[in-house]
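Remarks on the overall topology
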Amino acid sequence: MKMTARFLARLTRHPNDDRVHWLAWALLGLLLAALPWLVAAGFGNTWLRILNFALLYVMLALGLNIVVGFAGLLDMGYIAFYAVGAYLWALLASPQFGLHWPMWAILPLGAGVAGLFGVLLGAPTLKLRGDYLAIVTLGFGEIIRIFLNNLNAPVNITNGPQGISAIDPVHFGSLSLARPIDLGLFELPSLVSYYYLFLFAALLIIGIAMRLERSRVGRAWAAIREDEVAAKACGINTRNVKLLAFAMGATFGGVAGGLFAGFQQFVSPESFGLLESVMVLCMVVLGGMGHIPGVIFGALLLTLMPEFFRHIAGPVQQSLFGSVLVDPESLRMLLFGLALVLVMRYRPSGLWPSPQRRREIEDVQHADAPADVPVSPM
Amino acid sequence: MKPVLLRAEHISKSFGGVQALKDISLTLNAGEVYGLIGPNGAGKTTLFNCLTGLYVPDAGQFVFNDAPLVSNAPDKTVRQGIARTFQNIRLFANMTALENVMVGRHARLRSNILSDILRTPFNRREEQATEDMALQLLHYVGIAARAHDLAKHLSYGDQRRLEIARALATNPRLLCLDEPAAGMNANETAGLRQLIEAIRADGISILLIEHDVQLVMGLCDRVAVLDYGELICEDVPAVVQRHPRVIEAYLGSGAHA
């Protein structure tokens, strides 16, 4: 993992060496294209599914990164936007209301509605920062979940805790991704075609996030994160720019949610609890807040690591002690928690922070006196 | 007679029981360097904050360039042509010097989030122009060599200069400097004085809060003196220096006995 990270970092550092650059990107593209086949062949479909979820989490983490990493607004209810996107798909493409809208209509709508919810969340929190903002956003996330849980009476909209099932899979006309697609020479299994779709969406979101980071609005977000009063004095309308951060982050969540509903073909409020929000936040912080490659890395790691622990916890105990002493399910969360603690203790700026952010943290740690260096923007 | 650039009309502001500004009216002419002095706690910075939209005055209004300033809208104030620096430097500490100045351009740019994402040709041109102009401004204030250093790694004097460059990036007609020479040594102060004179020569008016009496008296065309939230005198430096109430405010009532 670390070697790949170093390799990628070297890539991005030498944009002038065109040939090497081009070749490396081509290799990366080839690897990404071949990955689902390799994973399916080597580890089976379970891991391919996990990989697909990892891509969804990459989108979520990048969305939250806009709010937390770029604009410095601590959002603990981010999963609500994922829920909005997912339920919108579920309601517009399932027997629930007998609607079967196509993807090209639902996904943009989902992004838009989630963005609107982002503004709804942002508006009352404009004057809040840090802990206070965290509490309000946490409440918002829970409100959305509880609504979904209870909107089955007096009029049944969401089906309550049972959730909505038999949701339409992602489909292009009559071509459904839920069934293998016959390409003549070979067949594209459902999980693989979903992988390509998710990969495409994730790459699109990565591209958007990268462009936003280096732009007028990206600079304004960073300015607000650093010093809101100074940002105002620079002519930034902090209200609008903050709302834009909430809305933009939420749209990513809405898209990921829609894709989730189409992939899973089932949604229930259970999938959108507080723990999910916390997980996505962990991905952002652990990977390297504000640093796009780091956040992607964090999302992949935090999706794959618990699954990895789950799969090896049993066999390893078997071979060491001759029997399974601790339930793998609880052991995996224990190991996961331990890993989080260790990372935050030894790499407080995240596993793969931007060079700039690493310097910030080191400055804070090495300051002898409690200097006037602003502490982490959270 | 120079045209009037800024008029403060009967500005009052109090915090709880403390009246920080009492019915302040003053006039700043275009092209002037206008000094605002007074003992600590006299209300100078409060007046600055009211002017730049960070505070809402309880009464009164500012007229800038013949248009009333909208209160409580710092971004609009900047658009109308008023920029400021802060008494305790407020830079974007973890951004580079260049980025700091580029943020200052914000209100003058027309890219929006859509053109940022699509990277339209217009957007590319504007970004390039912004970067070029930011570099130029860093040259202008004399810290171009530090363009790619984080703002917090700059020396104190350079941070002051960077803050001025960032304010200039907003294309102001009036630049408000809140104690720019505070904490500077004689050398740095002399450099700052040159910089302020250069800015004035470029046609930007300056409103200056400063404790360094020599600097104020040497630089300013006119000076206003505040004491306990009241305007006690507004005139050319030579007159202000001899004004009995000014001497009293600074040295106590026994001083001119």
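Keep in mind that what you see is a predicted model, and the values were worked out from it rather than measured. (Residues numbered from 1 in each chain as written. Chains lettered and ligands numbered in written order. Predicted model: local features only at pLDDT ≥ 70, side-chain atom pairs only at ≥ 80, totals over all residues.)

A few words now on the overall build of chain A. When helices and strands are counted, chain A shows 14 helices and six strands. Looking at chain A residue by residue over its 378 residues, the buried ones come to 44%. Sequence separation of at least 24 residues holds for 72% of the intrachain contacts in chain A that already meet a minimum separation of 6. (Helix = DSSP H or I, 4+ residues; strand = E, 2+ residues; numbered from the N terminus. Buried ≥ 20, exposed ≤ 12 C-beta atoms within 10 Å, placed from the backbone. Contact = placed C-beta atoms within 7 Å.)

Counting secondary structure elements, chain B contains 10 helices and 10 strands. In terms of overall dimensions, chain B is globule-like: its C-alpha atoms have a radius of gyration of 19 Å, near the 18 Å expected for 257 residues. A burial count over chain B gives 47% of its 257 residues as buried. Within chain B, contacts between residues at least 6 apart in sequence are counted, and of these 66% link residues at least 24 apart. (Rg over C-alpha atoms; globule rule 2.2 N^0.38 Å.)

A word on the packing of helix H8 (residues 216–226) of chain A against helix H10 (residues 238–264) of chain A. Think of two packed helices as two axes; the pair is described by the angle between the axes and how far apart they sit. Residues and elements named next belong to chain A. With their axes 10 Å apart at the nearest point, H8 and H10 run at an angle of 105° to one another. Taken together, the axes of H8 and H10 lie roughly perpendicular to each other. Between H8 and H10, the contacting residues are Val217, Ala220, Trp221 and Ile224 on the first element and Thr238, Val241, Lys242, Leu244 and Ala245 on the second. Looking at the contact of H8 with H10 residue by residue, the class counts come to seven nonpolar, one polar and one charged. (Axes fitted to C-alpha atoms, helices over the stretch in contact; angles between N-to-C directions. Parallel < 35°, antiparallel > 145°, perpendicular 65-115°, else oblique. Nonpolar A, V, L, I, M, F, W, Y, C, P; charged D, E, K, R; others polar.)

Moving on: the sheet that holds strand S5 (residues 67–68) of chain B. Strand order in this open sheet of four strands is S2-S1-S4-S5 (chain B), and the pairing throughout is antiparallel. Single-partner strands in this sheet number two, and they are strand S2 (18–29) and S5 of chain B. (Pairing = 2+ DSSP bridges.)

Contact residues are listed per partner, giving 28 residues for chain B and 25 residues for chain A. Elements with a contribution of two residues or more to the side of chain B that touches chain A: helix H2 (74–80), helix H3 (97–104) and helix H4 (113–118) of chain B. Classifying every residue of the side of chain B that touches chain A gives 13 nonpolar, six polar and nine charged.

All names here are of chain A. Counting through the fold element by element, Phe246 comes out in helix H10. Phe246 sits in the buried class, given 27 other C-beta atoms within 10 Å. Along the sequence, Phe246 and Ala202 sit 44 residues apart, while their C-alpha atoms lie 19 Å from each other. Residues in contact with Phe246, not counting those within four places in the same chain, are Val67, Gly118, Val119, Leu121 and Gly122.

Let us look at helix H11 (residues 274–288) of chain A. Residues and elements named next belong to chain A. Here H11 contains 15 residues, and its C-alpha end-to-end distance of 21 Å stays within 8% of the 21 Å for a straight helix at 1.5 Å per residue. Summarising burial for H11: 11 of the 15 residues are buried, a large majority. If you check which residues of H11 are buried, you get Glu276, Ser277, Met279, Val280, Leu281, Met283, Val284, Val285, Leu286, Gly287 and Gly288. Of the residues one or two after H11, Gly290 is the one with positive phi, at around 85°. (Expected span 1.5 Å × (residues − 1).)

Residue and element names in this part refer to chain B. Taken in spatial order, the six strands line up as S6-S7-S8-S3-S9-S10 in an open sheet, and their pairing is mixed. The strands lining the two open edges of the sheet, one partner per strand, are strand S6 (82–84) and strand S10 (230–235). Averaged over all pairs of adjacent strands, the angle between their axes in this sheet comes to 15°, without regard to strand direction. As paired strands, strand S3 (residues 33–37) and strand S9 (residues 222–227) are joined by four bridges and run parallel to one another. Within the sheet, the bridge partner assigned to Leu36 lies in S9 and is Ala224.

For the rest of this paragraph, the subject is the pairing of strand S4 (residues 59–64) of chain B. Residues and elements named next belong to chain B. The sheet contact formed by strand S1 (residues 4–15) and S4 spans five bridges and is antiparallel. The residue of S4 that forms the bridge with Glu9 is Gln61. Sheet topology places S4 next to S5; two bridges connect them, and they run antiparallel. In the sheet register, Val63 faces S5, and the bridge partner there is Pro68. In sequence, S4 turns back onto S5 through a hairpin of two residues, with Asn65 there showing a positive phi of about 60°.

Before going further, it helps to examine the nonpolar core. Membership of the largest hydrophobic core comes to 181 residues, with the highest contact counts inside it found for A:Met59, A:Ala61, A:Ala245, A:Val280 and B:Leu208. Of the residues forming this core, the biggest block, 16 residues, is contributed by helix H3 (residues 45–70) of chain A. (Core = buried A, V, L, I, M, F, W, Y, C linked by C-beta atoms within 7 Å.)

Let's shift gears to unusual backbone geometry. Following A:Ala153, the chain continues to A:Pro154 via a peptide bond in cis, the omega torsion being 0°. Examined against the element boundaries, A:Pro154 turns out to sit in the loop between helix H6 (130–150) and strand S3 (171–172). In this model, B:Asp23 sits at a positive phi of 50°, which is unusual for a non-glycine residue. In this fold, B:Asp23 is placed in strand S2. Within the chain, B:Tyr228 stands out as a residue other than glycine whose phi angle is a positive 45°. Relative to the helices and strands, B:Tyr228 is located in the loop between S9 and S10. Classification of B:Tyr228 by C-beta neighbours within 10 Å gives partly exposed; the count is 16.

All names here are of chain A. With 21 residues, H6 ought to run about 30 Å at 1.5 Å a step, and its terminal C-alpha atoms sit 30 Å apart, in line with that. Every buried residue belonging to H6 is among Leu133, Thr137, Phe140, Gly141, Ile144, Arg145 and Leu148, and all of these are buried. Within H6, the buried residues cover an arc of 125° as seen down the axis, which keeps them to one side. The exposed set on the far side of H6, more than 90 degrees from its buried face, consists of Asp131, Tyr132 and Ile146. For H6, the secondary structure elements touched by its buried residues are helix H4 (79–92), helix H5 (103–122) and H11. (Arc of directions from axis to C-beta.)

Next up on the list: the pairing of S10(B). All names here are of chain B. Two strands pair when backbone bridges link them, and S9 and S10 are joined in this way by five bridges, in the antiparallel orientation. Bridge pairing in S10 places Asp227 opposite Glu230. Counting the residues between successive antiparallel strands, the hairpin from S9 to S10 contains two residues, one of them, Tyr228, with a positive phi of roughly 45°.

Let's shift gears to the confidence of the model for chain A. With 89% of its residues at a pLDDT of 70 or more, chain A shows a mean pLDDT of 88. Counting contacts from residues 368–378 of chain A, a segment whose pLDDT is below 50, to residues more than four positions away or on other chains yields 12 contacts. (pLDDT = per-residue confidence, 0-100.)

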